Amino acid sequence: MAGTASRRGLFGSLAAFGLTAAGCSFGGPVGGGGAIPTATATAVAPTTRPPMTGGPTTAPTATGTPTTMPTTPGTPGPSPTASPPPPAGGGAGAATPAFLRGRDPVVHLLNRATFGPAPELVAEVKAAGVGAWLDRQLDPASIGDGTVDAVLGRFPFLAKTGRELHAIEGDIDYKDVIGLAVASIARMTWSNRQLLERMVDFWQSHVFNKGYPNDNLWRDSFPDDREVIRPNALGRFADLLLAETTSPAMIRRLNADRSTVRALNENLGRELLELHTVGVGAGYGQDGVLNSARILTGISIDAESKKYVFKPKDHYVGPVQVLDFSSPNGSAEGGEAVMKAYLDHLAHHPATAAYLTRKLATYFVADDPPQSLCDMLAQTYLANDTAIAPVLKALFTSAEFGQAVGLRTRRPLEDIVATLRVLGIGPPASGTEPVVALYWMANDMGMAPLAWPAPDGYPLRAERWVSASATIGRWNMHRNLLNGWYPKGLGTPAVNSLLGDAPPATMAEVVDVLARRLVFQPLAPEHGAALATFLGDRGSRKPADNEYLVGQLGSLILDSPYHVYG
């Protein structure tokens, strides 16, 4: 696939630091006992939020680096002999790095359908069966969520109405303003309703993005999350589209309440077509944008309740046509019915089916998902009256998904949450400050939740996140979380607890134990050998006396494509 080379550039960019290209974690200085790589040595226990720079970029810094990681600078290592061969006839699996082709299918599923696997969850899915687990995830009301609910109760604005939030005056603590985004990290990390949280993220950050917190938009974002996105995230897209188009958060974000028959504003009409439904290539043209905006006039917000209201006096009257939708639109009083019919038409349009399902496949499968998969998902969407749950079931049980191992790169926020989950880091015993610190960690890495300023949402493709500084940000984040350096106050287990109840006798044996614990598979021979070189004469030491070194090994494994290629 075309995206594979650019994904490899994530690690190829390390060549600028004199490290082994594509070997990131394992390509540090060799010999002399295996000195810790320079970037690793700079990770310190911070007293304030640490610098973790590196957001999305417009182009990769390096491409075309090899999939196998050399054990010494400039010397390609051999391909793992134990790896299964690529699938016959090519396809998605042919692009999977050789050392990931033996990945457990359950781990592959959990890398995508959740924000990251943990040992207990892997065991749960294997016991229940993939089909039963998926069905339960698609029915989130059937899943208890006491742990995260206890944390969410600490956020004062989550349950407030728009009216209550707009009535708040005076100074407001900024951590309360960003509370929705901070709470989203808690949900991503500790919720049992993982597929719901994935879809909430998909809709909020990739389809109906609003750039939160945006001026006073934060006041409308809390009820938008609670009343619009979450109840509809796994339901019919037609219902979600109507609810979002008439949500005060979207109305304010795109100035729909200022668009009237007397002063037309194209924002909502344009983004509805370009980003929310049929996509920019559907062929609607500027006349389509104008008519789309005319159909939506009258959408507004009630000054008292702060809820959606339709104002007929502001509605454009006259014939309208957008693509194959047309209406005489003959009265102001009938304008709301025309608007709803238009939205329903767009939700059921084949171009919308193609646009949304390709974006879903990009989010869950690969930067360049197979056309066969996209076509099947679009047909499933249309055959099920725009229902999203059947589309997701078809996606996760498809052959194309099964072959797409290693073809998604975790973006910064996804990497933070996956790291928290695999390490078994629990929520703070009280308060929210440690979770607020995770928000700033994500912000410094360029991906605070919900914060992408433009309407198109955070980039999905890996090459948009490639830079040397972004990679250093990942390195520091892995070390801070694994060692419990930052944030303080989370339920971070002791480093050596990663070795289990019967820890190995020597540091050399720790490598395999940590690999199986953190990435759920053994390392390819040359990668294990690289870590042995890193250990040097320290391989004979006892892990009980070398917890810091255990932390360094664990961090190096988390730095590697075994973890980052989710």
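Placed above this text is the structure.
Residues numbered from 1 in each chain as written. Predicted model: local features only at pLDDT ≥ 70, side-chain atom pairs only at ≥ 80, totals over all residues. Heavy atoms only, no water.

A. Layout of the overall build of the protein chain. Broken down by element type, the protein chain carries 27 helices and four strands. Out of the 566 residues in the protein chain, the part that is buried amounts to 58%. Summing over all exposed atoms, the protein chain offers an accessible surface of approximately 20300 Å²; the carbon and sulfur share of this is 54%. (Helix = DSSP H or I, 4+ residues; strand = E, 2+ residues; numbered from the N terminus. Buried < 20%, exposed > 50% of the residue type's maximum accessible area, 1.4 Å probe, protein only. Areas by Shrake-Rupley, 256 points an atom, 1.4 Å probe, with all protein chains shown as cover.)

B. Seen up close, empty space enclosed by the protein. For the structure on display, the rule yields 10 cavities of 30 Å³ or more. Volume-wise, the largest cavity comes out at about 120 Å³. Every residue along the wall of the largest cavity is listed here: Asn 111, Arg 112, Thr 114, Phe 115, Gly 116, Arg 198, Tyr 363, Arg 408, Thr 409, Arg 410, Glu 414 and Gly 566. Partitioned by chemical class, the residues of the lining of the largest cavity number two nonpolar, five polar and five charged. (1 Å grid on protein atoms, 1.4 Å probe; cavity = no way out; pocket = protein on both sides within 12 Å on 5 of 7 lines; lining within 4 Å. Points joined across faces, edges and corners; volume = space filled by probe spheres on them. Nonpolar A, V, L, I, M, F, W, Y, C, P; charged D, E, K, R; others polar.)

C. Structural view of the environment of Ala 442. Topologically, Ala 442 is positioned in helix α22 (residues 433-444). Residue classification places Ala 442 among the buried positions, given a relative accessible area of 0%. Counting along the chain gives 26 residues from Ala 442 to Ile 416, while the straight-line C-alpha distance between them is 7.4 Å. The residues touching Ala 442, leaving out its near neighbours within four places in the chain, are Leu 413, Ile 416, Met 447, Ala 448 and Pro 449. (Contact = heavy atoms within 4.5 Å.)

D. Structural view of the nonpolar core. Met 199, Trp 203, Phe 237, Phe 364, Leu 392 and Phe 396 are the most contacted members of the largest nonpolar core, which totals 152 residues. Ranked by the residues each element gives to this core, the list is headed by helix α9 (residues 179-190), at eight residues. Leaving out residues up to four positions away in the same chain, Phe 237 has contacts with Trp 203, Phe 208, His 276, Thr 277, Ala 347, Thr 352, Leu 356, Tyr 381, Thr 386 and Ile 388. (Core = buried A, V, L, I, M, F, W, Y, C linked by side-chain atoms within 4.5 Å.)

E. Representation of the pattern of salt bridges in the model. Under the criterion given, the structure shown has 27 salt bridges. For Arg 187, the salt bridge is made with Asp 225, and the minimal N-O distance between the two is 3.5 Å. One end of the pair, Arg 187, is in helix α9; the other, Asp 225, is in helix α11 (residues 218-232), and 38 residues separate them in sequence. Residues joined in a network through salt bridges with shared partners are Arg 187, Glu 197, Asp 225 and Arg 230. (Salt bridge = Lys/Arg side-chain N within 4 Å of Asp/Glu carboxyl O.)

F. Expanded view of the packing of aromatic side chains. Here the structure, examined in full by the defined rule, presents 19 aromatic pairs. Here the aromatic rings of Phe 157 and Trp 218 are separated by 5.7 Å at their centres, their planes lie at 15°, and the arrangement is stacked. Here the residue Phe 157 occupies a position in the loop between α6 (146-152) and α7 (162-166), and Trp 218 occupies one in helix α11, the gap between them amounting to 61 residues. Comparing Phe 157 with Trp 218, the two get one shared label, buried. Relative to Phe 237, the ring of Phe 208 lies with its centre 6.2 Å away and its plane at 15°, an arrangement referred to as stacked. Placement of Phe 208 in the loop between α10 (194-207) and α11 and of Phe 237 in helix α12 (residues 237-245) is noted, with a sequence separation of 29 residues between them. For the pair shown, Phe 208 and Phe 237 are each scored as buried. Residue placement shows Arg 198 over the ring face of Phe 115; its charged tip is 4.9 Å from the ring centre. Looking at Arg 538, its charged tip hangs above the ring of Phe 534, at a distance of 5.2 Å from the centre. (Phe/Tyr/Trp six-rings, centres within 6.5 Å; stacked < 30°, edge-to-face > 60°. Lys NZ or Arg CZ within 6 Å of the ring centre and 35° of its normal.)

G. Seen up close, helix α3 (residues 105-113). Where burial is concerned, most of α3 is hidden: eight out of the nine residues are buried. Buried residues along α3 sit against α4 (119-128), α5 (130-137), α10, α17 (350-364), α19 (388-396) and α20 (399-403). If you check the start of α3, you find a side-chain oxygen 2.9 Å away from the backbone N of Val 106, and it comes from Asp 104. (Polar contact = N/O pair within 3.5 Å; in protein donor to acceptor, adjacent residues only side chain to side chain.)

H. Quick peek at the packing of α12 against helix α16 (residues 335-347). Following both chains from N to C, one finds α12 and α16 inclined at 135°, their axes separated by 9 Å at the closest point. Taken together, the axes of α12 and α16 are oblique relative to one another. Helix-helix and strand crossings are classified by hand; for α12 and α16 the assignment is right-handed. Within the contact between the two elements, α12 uses Phe 237, Ala 238, Leu 241, Leu 242 and Thr 245 and α16 uses Met 339, Lys 340, Leu 343, Asp 344 and Ala 347. Tallied by class, the residues present in the contact of α12 with α16 amount to seven nonpolar, one polar and two charged. (Axes fitted to C-alpha atoms, helices over the stretch in contact; angles between N-to-C directions. Parallel < 35°, antiparallel > 145°, perpendicular 65-115°, else oblique. Left-handed = near helix turned anticlockwise from the far one by under 90°.)

I. Expanded view of unusual backbone geometry. The linkage connecting Tyr 212 with the following residue, Pro 213, adopts the cis geometry, with an omega of -10°. Considering the arrangement of structural elements, one finds Pro 213 in the loop between α10 and α11. Between Tyr 486 and Pro 487 the backbone carries a cis peptide bond, its omega angle lying at -5°. Note that Pro 487 resides in the loop between α23 (468-483) and α24 (507-518). In this structure, Leu 323 takes a positive phi of about 55° despite not being glycine. Mapping Leu 323 onto the fold places it in the loop between β3 (320-322) and β4 (325-327).

J. A look at α17. Under the 1.5 Å per step criterion, the end-to-end length of α17 is 21 Å for 15 residues, consistent within 8% with the ideal 21 Å. Burial of α17 is extensive: 11 of the 15 residues sit out of reach of the surface. Buried within α17 are the following residues: Thr 352, Ala 353, Tyr 355, Leu 356, Thr 357, Lys 359, Leu 360, Ala 361, Thr 362, Tyr 363 and Phe 364. (Expected span 1.5 Å × (residues − 1).)

K. Spotlight on the side chain of Arg 411. Residue placement: Arg 411 occurs in the loop between α20 and α21 (412-422). Among the residues examined, Arg 411 registers a relative accessible area of 1% and is labelled buried. Among residues more than four places away in sequence, those in contact with Arg 411 are Asp 201, His 206, Tyr 363, Met 447, Tyr 458, Pro 459, Leu 460, Trp 465 and Arg 474.

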